[in-house]
Amino acid sequence: MARHIALREGADLDSFRQAARGLVAEGVPPEAVTWGSDAAPGLFAAEAPADAPPLALPRAVAEFIQPVVCHRDPERYGLLYGLIWRSLHGERALAEVSSDPLVHRLERMRKAIRRDLHKMHAFVRFRQVGDPAEERFTAWFEPEHFILEATADFFVERFRALRWSIVTPIGSLHWDREALRFGPPGTRADVPESDAFEEGWRGYYASIFNPARVNPTAMRAEMPKKYWHNMPEAALIPDLIREAPARTREMIAKQAALPKRRDPARAVEKMARQAPPTLAALNALIAATDPLVPGATRAVLGEGPEGATIAFVGEQPGDQEDLAGRCFIGPAGQVLDRAMQEAGIDRARSYLTNAVKHFKFVQQGKRRIHQSPTTGEVKHYRWWLKQELDFVKPKLVVALGGSAALALTGEVVPVMRYRGRARFEGGQPGYIMPHPSYLLRLPDEAAKARAYEDFVADLRAIRAMAEELEAGAAA
Amino acid sequence: MDQTLVKKLRILADAAKYDASCSSSNAPKRAAGVDGLGSTTGSGICHAYTPDGRCVSLLKILLTNYCLFDCAYCINRRSSNVERARFTVEEVVALTVNFYKRNYIEGLFLSSGVIKSPDYTMEQMMLVAKTLRQKHGFAGYIHLKAIPEASPWLVEQAGLWADRLSVNLELPSQQSLQRLAPEKDVDGIQSTMGQVKERIVEAKAERRRFSPAGQSTQVIVGADDTTDEGVLRASDTMYRRYDLSRVYYSAFSPIPEPSVILPLKPPPLQRENRLYQADWLLRHYGFSVDEIAEGGEGGMLDLEIDPKLAWALKNRHRFPVDVNTADREMLLRVPGFGKRAVDKMVAARRHTRLGLEDLARLTPTLKRARPFIIAEDHSPHGLTDRADLRARLAPPAKQLSLF
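Parameters and conventions
Residues numbered from 1 in each chain as written. Chains lettered and ligands numbered in written order. Predicted model: local features only at pLDDT ≥ 70, side-chain atom pairs only at ≥ 80, totals over all residues. Helix = DSSP H or I, 4+ residues; strand = E, 2+ residues; numbered from the N terminus. Buried ≥ 20, exposed ≤ 12 C-beta atoms within 10 Å, placed from the backbone. Contact = placed C-beta atoms within 7 Å. Rg over C-alpha atoms; globule rule 2.2 N^0.38 Å. Domains from an automatic or database assignment. UniProt positions renumbered as here; feature names shortened; annotations may be inferred. Nonpolar A, V, L, I, M, F, W, Y, C, P; charged D, E, K, R; others polar. Expected span 1.5 Å × (residues − 1). Arc of directions from axis to C-beta. pLDDT = per-residue confidence, 0-100. Pairing = 2+ DSSP bridges. Right-handed = clockwise from strand over helix to strand, strands pointing away. Core = buried A, V, L, I, M, F, W, Y, C linked by C-beta atoms within 7 Å. Axes fitted to C-alpha atoms, helices over the stretch in contact; angles between N-to-C directions. Parallel < 35°, antiparallel > 145°, perpendicular 65-115°, else oblique. Left-handed = near helix turned anticlockwise from the far one by under 90°. Bend = angle between axes of the 7 residues up to and from the residue.

Asker: Just checking my understanding: could you explain the overall build of chain B for this structure?
Answerer: The secondary structure content of chain B amounts to 15 helices and 12 strands. Each principal axis of the C-alpha atoms in chain B carries an extent, and together these give about 70 × 55 × 45 Å. Within the span of chain B, comprising 403 residues, buried residues form 56% of the whole. Taking the intrachain contacts of chain B between residues at least 6 apart in sequence as the baseline, contacts between residues at least 24 apart amount to 68%.

Asker: Sorry, what's going on with the overall build of chain A here?
Answerer: Helix and strand counts for chain A come out as 17 helices and 14 strands. A compact globule built from 475 residues would reach a C-alpha radius of gyration of about 23 Å, whereas chain A, at 37 Å, exceeds it by more than 25%. Structurally, chain A occupies a C-alpha span of about 110 × 75 × 50 Å along its principal axes. Each of the 475 residues in chain A was classed as buried or not, and the buried ones make up 37%. Across chain A, the fraction of contacts at a sequence separation of at least 24, relative to all contacts at a separation of at least 6, is 71%.

Asker: I tried to follow the domain arrangement of chain B on my own but got confused; where do I start?
Answerer: Often, the extent of an interface is quoted as the loss of accessible area on bringing the components together. Split by domain assignment, chain B resolves into domain 1 (3-216) and domain 2 (315-393). With centres defined by C-alpha atoms, the gap from domain 1 of chain B to domain 2 of chain B works out at 42 Å.

Asker: Looking at this structure, how should I read the UniProt feature "domain: Elp3/MiaA/NifB-like radical SAM core" (unreviewed entry) in chain B?
Answerer: Cross-referencing UniProt, the feature "domain: Elp3/MiaA/NifB-like radical SAM core" (unreviewed entry) maps to residues 57-277 of chain B in the present numbering. Secondary structure within residues 57-277 of chain B divides into 42% helix and 14% strand; the distance between the first and last C-alpha atoms comes to 22 Å.

Asker: When you look at the interface of chain B and chain A in this model, what are you seeing that I'm missing?
Answerer: Contacts between the two partners involve 71 residues from chain B, matched on the other side by 65 residues from chain A. The element contributing the most residues to the side of chain B that touches chain A is helix H1 (residues 3-14) of chain B, with six residues. Residue composition of the side of chain B that touches chain A, grouped by class: 36 nonpolar, 16 polar and 19 charged.

Asker: Would you mind showing me how to read helix H7 (residues 228-242) of chain B here?
Answerer: Three- or four-residue spacings in an α-helix give side chains the same orientation, since the helix completes a turn every 3.6 residues. Residues and elements named next belong to chain B. Its 15 residues give H7 an end-to-end C-alpha distance of 21 Å, which sits within 8% of 21 Å, the value for a rise of 1.5 Å per residue. Every buried residue belonging to H7 is among Asp228, Val231, Leu232, Ser235, Met238 and Tyr242, and all of these are buried. Taken around the axis of H7, the buried residues stretch over an arc of 130°, which confines them to a single face. Seen from the buried face of H7, the exposed residues on the opposite side, beyond 90 degrees, are Arg240 and Arg241.

Asker: Could you clarify how one ought to interpret the confidence of the model for chain A in this entry?
Answerer: As a note on interpretation, predicted positions should not be read in detail where pLDDT is low. Taken as a whole, chain A shows an average pLDDT of 93; of its residues, 98% reach a score of 70 or greater. By mean pLDDT, the top-scoring element of chain A is strand E9 (residues 351-354) of chain A (98), and the lowest-scoring one is helix H9 (residues 265-271) of chain A (85).

Asker: Before we go on, may I ask you to explain the UniProt feature "domain: Uracil-DNA glycosylase-like" (unreviewed entry) in chain A in this structure?
Answerer: Within this structure's numbering, the places UniProt gives as "domain: Uracil-DNA glycosylase-like" (unreviewed entry) are residues 301-460 of chain A. A distance of 26 Å separates the end C-alpha atoms of residues 301-460 of chain A, which is 44% helix and 21% strand.

Asker: Explain the pairing of strand E5 (residues 163-168) of chain A here, please?
Answerer: Consecutive side chains along a regular strand alternate between the two faces of the sheet. All names here are of chain A. Counting buried residues in E5 gives five out of six residues, a clear majority hidden from the surface. Examined bridge by bridge, strand E4 (residues 136-140) and E5 share five bridges and lie parallel to one another. Pairing of Phe137 across the sheet is with Trp164, part of E5. You can see the chain leave E4, run along helix H5 (residues 148-158) and come back into E5, and the turn it takes is right-handed. Where E5 lies against strand E6 (residues 171-175), five bridges are found, and the strand directions are antiparallel.

Asker: Looking at this structure, I do not really get the environment of Tyr204 of chain A. What am I missing?
Answerer: Here Tyr204 of chain A is to be found in helix H6 (residues 198-208). On a C-alpha basis, the gap between Tyr204 of chain A and Glu233 of chain A in space is 9.1 Å, while along the polypeptide they are 29 residues apart. Ignoring any residue separated from it by four or fewer positions in sequence, one finds Tyr204 of chain A in contact with Leu9 and Ala13 of chain B.

Asker: Is there a simple way to explain unusual backbone geometry in this structure?
Answerer: Among all residues except glycine, the phi angle is most often negative; among peptide bonds, the trans geometry is most common. Cis rather than trans, the peptide bond between Phe319 of chain B and Pro320 of chain B has omega equal to 0°. Here Glu135 of chain A, not a glycine, exhibits a phi torsion of approximately 50°, which is positive. Not every positive phi belongs to a glycine, and Glu170 of chain B is a case in point at roughly 65°. Within the element layout of this structure, Glu170 of chain B appears in the loop between strand E8 (164-166) and helix H5 (174-180).

Asker: Mind showing me how you'd approach the domain arrangement of chain A here?
Answerer: On domain assignment, one finds that chain A holds domain 1 (3-119), domain 2 (124-190), domain 3 (198-246) and domain 4 (279-474). On a C-alpha basis, the centroid separation for the pair domain 1 of chain A and domain 3 of chain A is 40 Å.

Asker: Quick question: what am I supposed to make of the pairing of strand E8 (residues 310-314) of chain A here?
Answerer: Residue and element names in this part refer to chain A. The element E8 is largely enclosed, with a buried count of five among its five residues. Going residue by residue along E8, you find Ile310, Phe312 and Gly314 tucked away on one face and Ala311 and Val313 tucked away on the opposite face as well. Bridge count for E8 against strand E12 (residues 396-400) is four bridges, and the pairing is parallel. Residue pairing across strands places Val313 opposite Ala399, the latter belonging to E12.

Asker: Is there a simple way to think about the nonpolar core in this case?
Answerer: In globular proteins that are soluble, nonpolar side chains generally tend to be buried together. Counting residues in each nonpolar core, the largest one holds 238 residues, and the members touching the most others are Val313 and Val398 of chain A together with Leu12 and Ala158 of chain B. Once residues within four sequence positions are removed from consideration, Val313 of chain A is found in contact with Thr353, Asn354, Ala355, Leu385, Val397, Val398, Ala399, Leu400, Ala404, Ala407 and Leu408 of chain A.

Asker: Would you mind going over the sheet that holds E8 of chain A with me for this structure?
Answerer: Residue and element names in this part refer to chain A. One open sheet accounts for five strands, arranged E9-E8-E12-E14-E13; its pairing is mixed. Strand pairing shows two members of the sheet lacking a second neighbour, E9 and strand E13 (420-424), which therefore form its edges. Going from strand to strand, the sheet's axes swing by 30° on average, the running direction of each strand aside. Here E8 runs beside E9; their pairing, made up of four bridges, is parallel. For Val313, the partnering residue across the bridge sits in E9 and is Thr353.

Asker: Just checking my understanding: could you explain the sheet that holds strand E5 (residues 58-62) of chain B for this structure?
Answerer: Strands pair in a sheet through their backbones, by hydrogen bonds, and they do so in one of two ways: parallel or antiparallel. All names here are of chain B. Strand order in the open sheet formed by six strands is E5-E6-E7-E8-E9-E10, with parallel pairing between adjacent strands. Among the strands making up the open sheet, the edge pair consists of E5 and strand E10 (246-251). Pairwise comparison of adjacent strand axes, ignoring direction, gives a mean angle of 20° for this sheet. Where E8 lies against strand E9 (residues 215-221), two bridges are found, and the strand directions are parallel.

Asker: Explanation requested: the confidence of the model for chain B in the structure shown.
Answerer: Residues and elements named next belong to chain B. Chain-level statistics for chain B give a pLDDT mean of 93 and a share of 98% at 70 or above. At the low end of the mean pLDDT range in chain B sits helix H15 (residues 389-393), at 88; at the high end sits helix H2 (residues 89-101), at 98. Interface confidence for the predicted complex, expressed as ipTM, amounts to 0.93; the pTM equals 0.93.

Asker: Explain the environment of Pro395 of chain B to me, please; I cannot follow it from the model alone.
Answerer: Looking at where Pro395 of chain B falls in the secondary structure, it is placed in the segment after H15. Spatially, the C-alpha atoms of Pro395 of chain B and Glu304 of chain B are 7.3 Å apart, while their sequence positions differ by 91 residues.

Asker: Looking at this model, I keep getting lost on the packing of H2 of chain B against helix H3 (residues 118-136) of chain B. Mind explaining?
Answerer: The geometry of a pair of packed helices is captured by two quantities: the angle between their axes and the separation between those axes. All names here are of chain B. Where H2 meets H3, the closest approach of the two axes is 9 Å, and the angle between their N-to-C directions is 50°. By the angle class used here, H2 and H3 are oblique. Viewed along their axes, H2 and H3 form a crossing whose handedness is right-handed. Two secondary-structure elements touch here, H2 through Val89, Val92, Val93, Thr96 and Val97 and H3 through Gln124, Leu127, Val128, Thr131, Leu132 and His136.

Asker: Looking at this structure, how should I read helix H8 (residues 237-253) of chain A?
Answerer: Residues and elements named next belong to chain A. End to end, H8 covers 25 Å across 17 residues, agreeing with the expected 24 Å (1.5 Å per residue, within 8%). Approximately 40° is the largest bend angle found in H8, and it occurs at Ala244, with the proline Pro245 only one to four residues beyond. Of all the positions in H8, only Ile237, Leu240, Ala244 and Thr248 are classed as buried. On its buried face, H8 is in contact with H6.

Here it is as structure tokens:
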């Protein structure tokens, strides 16, 4: 006589798992078992097998079980047990053979479940209930299969901060911002008749539809009629379809009309002049923008006269610059000051700025440790630098370090190899040299002194180059 | 909901509907924190379908349909007499949040007519996205239309908040743009696409967020005289040069306010459909533009049969293909075999030999494939080379309606 396994109504995954383990352990083949969803509540059938250890199933088999137990087909447990049995008796790869009739059928069932889940995620429509300040939402939905529990994670993740209930004929879900509760089935009457935003939603739905492309078959394939009665927008469908041909004919027949309004010639002309008209306007714009990497106190803007002969471009502001809002005033700035003096370059007559306008750091105790900008960050800021230099119009632009060189050339440039004269984007005469902070990082004093000499030599060369360029411009 | 707001929404949705894209896919999977709102699922969700068969996934609206540009194909061009409206940033934010909470949408697709200046407009759009993310902890999908005439730093900032940026090419050639959209400029469009691509690549490498679902574009089909081959070549170039996620083809559709220089006709929907199929072959089936063009005539795709079948009929010497031994690349070229079906065949044939009955369980379009394949119990014999094969496979011509 066949064994009968009675499971609870719906998707009874736990009991099925337990039964399958026991049946396999006892060596009961699929044809000797009948399955039913007829277990009396709280009472597990007498024929149920004893507890047995978990089954080691191929992953492809396990991937069928969870979705397929949600299916309405009463044969689902039998089919799944057949798959398990065969997989454990010589056909280990069975679940990968989609052409096998059993696997094909289970694949179709799994697809139906996925579709049902997907449509529930898509077509549930919440309505607000109670006090608007409290924000509670409820929805009535009729899923085709036993997917209520399987769908819960999706709604919890998406609407974690809200309080909501989803009521269906097979049970209900309730979320109070902290815990999920499964409740008894309900009826449509448990959910309000309408929602304040449905009029707007229907208006949107009607307006986004293009009558010249009417294609109800394509619509019904994805949104079958059975869902319509729970979707507030669907009531419009018949009218939209009926009126579409006439609306389209009307559009095609319509003659082009002359514009009723005056041609906004002045506004059109003005539109082309959108770029910030002055350096001050550009700076205001930069100052008003959030840092790309959060944390900086403010944007540190460039300093120096427009029309300066030389513009120095550093990397990004450091701790002191960020607090004071001025560039090159920290330790590296002081080194630069001293070297400029020695080389005979007047800082007050030069323009100084940074490739990146905001400080970036990691906090270590009370200290904010400077972090170099990434390539993407440098490029994020380079459009501003370009504009800035367009206003200043220096004869010579000096890249202090790799980030500045990247900003000015658009490419990663090894500074030590290309140290010296350079051409930047747009044919701009330039010079590449290390950033002064490099001098601070050298460990021994002798190396530091030598590097400082080279640094001053760079600045002397820059001064000579600038004089050359000025003479050329004057001639 | 306030009546003026409902009216504005109708105007500004109506103005946005000619943009084909509504996808909410490809965003990284994420969910909002405890006080935020929303999640993304990776593949996106269509929350409704309108009677044109199109999916409603995002709240697709314009910030305003006032526009200083005068593009002939566009309902919102400045010389059009269409009714105008303008949302505030706060209104768009509130609409998005409230629609989202009721599970109407996956997120927002915001575009806009250009008012005051491209920079001003882009900044307002960016502000909507920023407010949603920062003030409401919104983790749903945001697609922003980048205005190519806007300053590059605004595009930089838009990419920080959006899941996807798109710049519409609209017309596939410089000449067409000059004639129909005099204020637009191919170079500007391309340099914006280039900038977005560069930043997406860098952000991925640096594990930062910048338009994580990539960028897309739209090409209008049928407003100018570019051939299908020309359109596909433009797409192919853009896919390769700018790593686009998608090119959308939009059949030029009649609009309620026609322009003098662009007469209206019914939208070439079949042509649009064939272009999508061809685009799919380019991206997922290893076809080149030349091969696709070979299946058509004079640079136009065959409207009667799909482009893969058209190619196969002209390359019969490469068939029949044995489903039990052929490599995946060649199976993908069999008419009627989709990517998923081919993957299942390749997995199944490791354990069994496939006959026609097996294949029928793997693909619903076996009939189209039969003349091109050999299976365990099937050989097409002379069928592959029969002169009337096309007629056997093409759908029957629609009968003329006489009365």
